[in-house]
Amino acid sequence: MSGGIDSTVTALMLHDEGYEVVGITMKTWDYSSSGGSKKETGCCNLDSFNDARMAAVQHSFAHFILDIREEFGDFVIDNFVEEYLAGRTPNPCVLCNTHIKWRALLKRADALDCDFIATGHYAKIRQHVNACLPDRQGRFVVSKAIDETKDQSYVLWGLQQDLLSRTLLPLGTYRKTEIRQMAIDYGYPELAKKSESYEICFVPDNDYRGFLKRRVEGLEEKVTGGWFVDKHGKKLGEHKGYPFYTIGQRKGLEIAFGKPAYVTAIDPSTNIVVLGDENDLEQNDMQVSKINWVKYNGITDGMEAITKIRYKDKGALSNLFTESCGYNDDNGIRVRFYENVKSIAPGQSAVFYEGDEVIGGGIIQRTAD
């Protein structure tokens, strides 16, 4: 329970359905320690903690605060910094969900003798039933929520079968407007109006560059003096350091290119940032590794799938190649799109769909040479 509308309504719905509910609020980060310019927001907000506890008290179920700052810092924060220093663009929310929050929540659930864990994510989980072998337990499958404008299946690709088997996602069959009305019906009109935060919880001022500077001593001095170049290698001017740019970036480049310029590649070994036209962002081939298969226990070589390369991406038709893909990274596959897609960013998640169901996902490592 973050104190927001979705997790609160989830808890109250399950409580009304007869579940013995225990509310858990996770403390992931002390924003005051990051040196940002704004107050805490989202899951690290003391007011949100109090809102979650108040809802639990008013509905007579237990509430606990779970301190996972150490695990969060060791894994999510360190990975966030390391990825930018490697010239990639990380997705910390995916890592937090799959490697920290779910595991930490399940551990606490076991200690409290709880059968399930539940969250306010907009997605659905079902167990596959084999018509030929009805007595055989099938795999648990994540699929898109009914409200596709709020669907969060993309960020859940990393959940393994043991986690999915004990997870409840009640909001997957509702639209956001219905959840807001439920909050009002439960007597929380202010909660129904509560704004949603789309910022990274430990960078609530959205200034990831400032966060990196504060986190890595002497970073600016280490990366200053790098060059912007065009796709032919011609120097265009100096930049502020490769970690401060992302693939597809157009604003904030502070360079006159004569026309709109986009970051098309980043080379941390030479501190070079390549600029190009919007068309230069289009590619049709990429490597994805650290795969977690959800719907199937592996796939056939060349399988067709809709692949999403960012949260709000509509997805594009592709083939997934598992054999002779030319890559030797751990558990890697090659994804080849039928048509070019724009701004493939190493470090981001690639999630593969069959219809509305998640086949699996992984981390984008690089595009075709």
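Scroll up to find the structure this text is about.
Remember, it's a predicted structure, so these values are computed and weren't measured experimentally.

## Brief notes about the packing of helix α3 (residues 69–85) against helix α4 (residues 92–111)
Part 1 of the reasoning: At their nearest, the axes of α3 and α4 sit 10 Å apart, and the two run at 145 degrees to each other. Considering how the two elements wind past one another, α3 and α4 form a crossing that is right-handed. Seen from α3, the contacting residues are E71, F72, F75, V76, N79 and F80; seen from α4, they are P92, L95, C96, H99 and I100.

## As for the side chain of T307
Part 1 of the reasoning: Following the sequence through the fold, T307 ends up in strand β12 (residues 303–308).
Part 2 of the reasoning: What makes T307 buried here is its relative accessible area of 0%.
Part 3 of the reasoning: Here S318 takes part through its side chain, which lies 2.7 Å from a polar atom of the side chain of T307.
Part 4 of the reasoning: Not counting the four nearest positions on each side in its chain, T307 is found in contact with M286, D313, G315, A316, S318, L320, V335, F337, A350, V351 and F352.

## Focus: the pattern of salt bridges
Part 1 of the reasoning: According to the stated counting rule, one finds 18 salt bridges in the structure shown.
Part 2 of the reasoning: The salt bridge involving E254 is made with K240; its shortest N-O contact spans 3.3 Å. Taken together, the residues span a long stretch of sequence, with E254 in the loop between β8 (235–238) and β9 (262–267) and K240 in the loop between β8 and β9 at a distance of 14 residues.
Part 3 of the reasoning: Note on K240: relative accessible area 48%, which makes it partly exposed.
Part 4 of the reasoning: Measuring nitrogen to oxygen at the nearest pair gives 2.6 Å for the salt bridge that ties K295 to E357. Here the residue K295 occupies a position in the loop between β11 (282–293) and β12, and E357 occupies one in strand β16 (residues 357–367), the gap between them amounting to 62 residues.

Reading the values: rules and limits
Per chain, residue numbering runs from 1 following the sequence as it is written. Side-chain atom pairs in this predicted model are given and counted only at pLDDT of 80 or more, local residue features only at pLDDT of at least 70, and totals for whole chains, interfaces and linings cover all residues. Side-chain metrics rest on all non-hydrogen atoms present in the structure, leaving aside hydrogens and water. Geometry is summarised by axes, namely lines fitted to C-alpha atoms with helices restricted to the contacting stretch, and by angles between N-to-C directions that run from 0 to 180 degrees. Under the DSSP-based scheme used, a helix requires at least four consecutive residues in state H or I and a strand at least two consecutive residues in state E, with every element numbered from the N terminus. Definitions for this section: a left-handed crossing has its near helix turned counterclockwise from the far helix by less than a right angle. A right-handed crossing has that turn clockwise. Residue contacts follow a heavy-atom distance rule, with two residues in contact if any of their heavy atoms lie within 4.5 Å. Note on exposure labels: buried denotes an accessible area under 20% of the residue type's maximum, exposed denotes more than 50%, and partly exposed covers the range between, all computed with a 1.4 Å probe on protein chains only. N or O atoms within 3.5 Å of each other form a polar contact, as long as, within protein, one can give a hydrogen and the other can take it, and as long as residues adjacent in sequence are counted only when both atoms are side-chain atoms. Within this document, salt bridges are pairs made up of a side-chain nitrogen of Lys or Arg and a carboxyl oxygen of Asp or Glu, the two lying within 4 Å of each other.

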